[in-house]
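Residues per chain, in single letters:
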Amino acid sequence: MTRCADYDRLSSQVAQTLAKLSQLTTQQADLLLRGDFAGCKMLDREVELTLGEKERGIGALGQHMTEHKCHKQADED
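Residues numbered from 1 in each chain as written. Predicted model: local features only at pLDDT ≥ 70, side-chain atom pairs only at ≥ 80, totals over all residues. Heavy atoms only, no water.

Q: Is there a simple way to explain helix H2 (residues 37-68) in this structure?
A: Since one α-helical turn is 3.6 residues long, residues separated by three or four positions face the same way. For H2, built from 32 residues, the straight-helix expectation of 46 Å at 1.5 Å per residue is met to within 8% by its first-to-last C-alpha distance of 46 Å. For H2, the principal kink sits at Asp44 and spans about 30 degrees. Those residues of H2 not exposed but buried are Gly39, Cys40, Leu43, Val47, Thr50, Lys54, Gly57, Leu61 and His64. Lining the buried residues of H2 we find helix H1 (5-33). Lys69 occupies a position one or two residues after H2 and carries a positive phi of about 50 degrees. (Helix = DSSP H or I, 4+ residues; strand = E, 2+ residues; numbered from the N terminus. Expected span 1.5 Å × (residues − 1). Bend = angle between axes of the 7 residues up to and from the residue. Buried < 20%, exposed > 50% of the residue type's maximum accessible area, 1.4 Å probe, protein only. Contact = heavy atoms within 4.5 Å.)

Below, the structure is given as structure tokens:
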């Protein structure tokens with residue numbers, strides 16, 4: 001199977017969201033370890049929103065892969 005432009009776009013969006021989530025959670029952990037609970041709490045909403053974005057993105061990618069059968073095969077690289 002070949003990949004289409006929509007697959008590439010959706011997977012890129014998911015990867016970007018995962019990178020953002022990683023950065024936010026690292027920042028939040030650092031705040032917590034420094035004892036800045038207020039800063040940690042303030043960042044929590046953005047972490048939650050980004051997590052929701054990640055869930056929606058993975059869902060959209062999975063639906064696209066199911067409907068269009070245009071995903072990367074395990075033996076391709």
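Q: Help me understand H1, please; the structure alone is not making it clear to me.
A: In this model H1 runs 42 Å from its N-terminal to its C-terminal C-alpha over 29 residues, within 8% of the 42 Å that 1.5 Å per residue would give. Among all positions in H1, only Tyr7, Leu10, Val14, Thr17, Leu21, Leu24, Gln28 and Leu31 are buried. The inward-facing, buried residues of H1 abut H2. Once H1 finishes, Gly35 follows within two positions and takes phi at roughly 85 degrees, a positive value.

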